[in-house]
Amino acid sequence: GNSVTQMEGPVTLSEEAFLTINCTYTATGYPSLFWYVQYPGEGLQLLLKATKADDKGSNKGFEATYRKETTSFHLEKGSVQVSDSAVYFCALKNNNDMRFGAGTRLTVKP
Amino acid sequence: EAQVTQNPRYLITVTGKKLTVTCSQNMNHEYMSWYRQDPGLGLRQIYYSMNVEVTDKGDVPEGYKVSRKEKRNFPLILESPSPNQTSLYFCASSLRDFPVGELFFGEGSRLTVL
């Protein structure tokens, strides 16, 4: 079946630090991969996506590359800001099946 | 403004008292879905609907009902709520073929069942 595993948090970083949140997946065929972000008190919103192998999704300084050989879609940002504090969800869609990881809470301190 | 609207945002109820959480979207999306979010478990799909009058079970449908009589609305019904249904619920919608699009989420409904 389809599943997503992402690193457990919480993750606490200082402003301007480098961020990596690991995400690996299990799926048959060719899923689309996503990162969603949830700011406090809000619903999830799409951060970036990749629909095929070797695609790189990017938005707001965040990047993730669809690696089929390692079944991974790790989220990275070179210099985090306090405003990036949120919960980040890795997700995949395979046909009609949409799966989310457990979420990783990021706190960025000034 | 394109949005998914859920009501109520917060609700405290008692075991066995039927309740409905409404969800409405104004984007003419075919696909709608309900998720629950629990600590350490992420989002789990309860039910989804590919279009009007078409609904399917997700991973955790027990204790829930849905209906899709109109394209814009997708209410979640708890006929006899129990404490294990205490959770944060999200409604989401998208175009039918959304691998190249995105899933739009409501702001969430926090339900407590005593």
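Conventions used here
- Residues numbered from 1 in each chain as written.
- Chains lettered and ligands numbered in written order.
- Predicted model: local features only at pLDDT ≥ 70, side-chain atom pairs only at ≥ 80, totals over all residues.
- Heavy atoms only, no water.
- Helix = DSSP H or I, 4+ residues; strand = E, 2+ residues; numbered from the N terminus.
- Rg over C-alpha atoms; globule rule 2.2 N^0.38 Å.
- Contact = heavy atoms within 4.5 Å.
- Areas by Shrake-Rupley, 256 points an atom, 1.4 Å probe, with all protein chains shown as cover.
- Polar contact = N/O pair within 3.5 Å; in protein donor to acceptor, adjacent residues only side chain to side chain.
- Pairing = 2+ DSSP bridges.
- Axes fitted to C-alpha atoms, helices over the stretch in contact; angles between N-to-C directions.
- Core = buried A, V, L, I, M, F, W, Y, C linked by side-chain atoms within 4.5 Å.
- Buried < 20%, exposed > 50% of the residue type's maximum accessible area, 1.4 Å probe, protein only.
- Buried area = accessible area lost by both parts, 1.4 Å probe.
- Salt bridge = Lys/Arg side-chain N within 4 Å of Asp/Glu carboxyl O.

### Things to note about the overall build of chain B
- Across its full length, chain B holds zero helices and 11 strands.
- Starting at the N terminus and walking to the C terminus, you meet the elements of chain B as β-β-β-β-β-β-β-β-β-β-β.
- Taking 114 residues into account, the globule formula puts the C-alpha radius of gyration at 13 Å, and chain B, at 13 Å, falls close to it.
- Considering only C-alpha atoms, chain B reaches an extent of 40 × 30 × 25 Å along its principal axes.

### Some details on the overall build of chain A
- From N to C terminus, chain A includes zero helices and 12 strands.
- Moving toward the C terminus, one meets the helices and strands of chain A in the order β-β-β-β-β-β-β-β-β-β-β-β.
- C-alpha extents for chain A along the principal axes are approximately 45 × 25 × 20 Å.
- Taking all contacts inside chain A whose residues are at least 6 apart in sequence as the whole, residues at least 24 apart take part in 55%.
- Of the roughly 5,100 Å² that chain A leaves accessible, carbon and sulfur atoms contribute 45%.

### A look at the side chain of Ser33(B)
Residue and element names in this part refer to chain B.
- As for its position among the elements, Ser 33 is in strand 4 (residues 31-38).
- A polar contact of 2.9 Å, which involves the side chain of Ser 33, links it to the side chain of Gln 45.
- With near-sequence residues (within four places) excluded, Ser 33 lies in contact with Gln 45, Tyr 47, Tyr 48, Phe 74, Phe 90, Cys 91 and Ala 92.

### Let's talk about the sheet that holds strand 8 (residues 62-65) of chain A
All names here are of chain A.
- Here four strands make up an open sheet; going across it, the order is 3-9-8-7 and the pairing antiparallel. Bordering the open sheet on either side are strand 3 (19-21) and strand 7 (56-59), each of which pairs with just one other strand. The mean inter-strand angle of the sheet, taken between neighbouring strand axes irrespective of direction, is 15°.
- Pairing analysis gives three bridges linking strand 3 to strand 9 (residues 75-77), with the strands arranged antiparallel. Bridging across to strand 9, Thr 20 finds its partner in Glu 76.

### Re the nonpolar core
- Judged by nonpolar contacts, the single largest core of 26 residues is most densely connected at Trp35(A), Leu47(A), Leu48(A), Phe73(A), Leu75(A) and Tyr88(A).
- When contributions to this core are tallied by element, the ones reaching two or more residues are strand 2 (11-14), strand 3, strand 4 (23-26), strand 5 (32-38), strand 6 (44-50), strand 8, strand 10 (86-94) and strand 12 (104-109) of chain A.

### A word on the interface of chain B and chain A
- Across the boundary between the two partners, chain B contributes 21 residues, which contact 19 residues of chain A.
- For the pair chain B and chain A, the two sides together bury roughly 1,600 Å², of which 56% comes from carbon and sulfur.
- Seen at the junction of chain B and chain A, the total is one salt bridge.
- A salt bridge links Arg99(A) to Asp59(B); the nearest nitrogen and oxygen atoms lie 2.6 Å apart.
- Across the chain B-chain A interface, the total number found is three residue pairs in polar contact (both at pLDDT 80 or more).
- Of all the elements in the fold, those that place two or more residues in the side of chain B that touches chain A are strand 4, strand 5 (42-51) and strand 9 (87-94) of chain B.

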